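# Coordinate inspection notes
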Amino acid sequence: MLKNHILIAWRNLIRNKVYSFINIFGLTLGLCACLVIATVVIDELSYDRQWSRGKDLYRIISVQKNGEDLYDRNSYTPLGLGHELKKDFPEVAEVCPMNTAPLQLKFSATGDNGIKLTCLSADSSVWKILDIHVLSGNPRKYVQGPTNLLISQTIRNQFFAPGID
């Protein structure tokens, strides 16, 4: 029975080639558009879900006009904007400037090239905003300066000997 239905469908596809192509192409295009939209929606809904205060987090995006119909969007904001927002708007509880950048980390001063990682830099207010789970040490008691480094468990296992804390 199923074989007969498939055979009839195949004959109709062959007999009406243009009509079949238009229908199959339209169905394919519609399914692809639906999948793209679903991917964007799922990505937007999952943003900042790993943080307990994810619904309270906001990112400031600056738009700079570089020419006629040429705009540059980035997460850079003028220095002091966050603290002014905190001062002028009581809804702003905390401000934490963050930046991601590739860094070359060296383990020794000799010919070692080290490793290149994308790092997130932030000030001490990050502990009030993000609930980062720390396995070893107390990062809230740090010395001011660029010498502080927090690494993930994956980086620790990849580049350092097991058992070193």
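For the structure itself, consult the block above.
Here goes a summary of the coordinates provided. (Residues numbered from 1 in each chain as written. Predicted model: local features only at pLDDT ≥ 70, side-chain atom pairs only at ≥ 80, totals over all residues. Heavy atoms only, no water.)

One pair of aromatic rings is described through two measures. These are the centre distance and the angle between the planes. The tally for this structure, following the rule as stated, stands at one aromatic pair. Note on Phe21 and Phe25: the rings are 5.8 Å apart at their centroids and 15 degrees apart in plane angle, and the pair reads as stacked. With Phe21 and Phe25 both in helix H2 (residues 17-46) and four residues apart, this pair spans about one turn of that helix. The class for Phe21 is exposed, based on a relative accessible area of 56%. (Phe/Tyr/Trp six-rings, centres within 6.5 Å; stacked < 30°, edge-to-face > 60°. Helix = DSSP H or I, 4+ residues; strand = E, 2+ residues; numbered from the N terminus. Buried < 20%, exposed > 50% of the residue type's maximum accessible area, 1.4 Å probe, protein only.)

End to end, H2 covers 43 Å across 30 residues, agreeing with the expected 44 Å (1.5 Å per residue, within 8%). With one of 30 residues buried, H2 lies mostly on the surface of the structure. Of the residues trailing H2, Asp48 is marked for its positive phi of about 65 degrees. (Expected span 1.5 Å × (residues − 1).)

Right, let's get into the pattern of salt bridges. Enumeration over the complete set of coordinates arrives at two salt bridges. Salt-bridge contacts for Glu84 lead to Lys87; the nearest nitrogen and oxygen are separated by 3.3 Å. Of this pair, Glu84 and Lys87 both sit in helix H3 (residues 81-88), three residues apart, which is roughly one turn of that helix. Given the relative accessible area of 60%, Lys87 is considered exposed. (Salt bridge = Lys/Arg side-chain N within 4 Å of Asp/Glu carboxyl O.)

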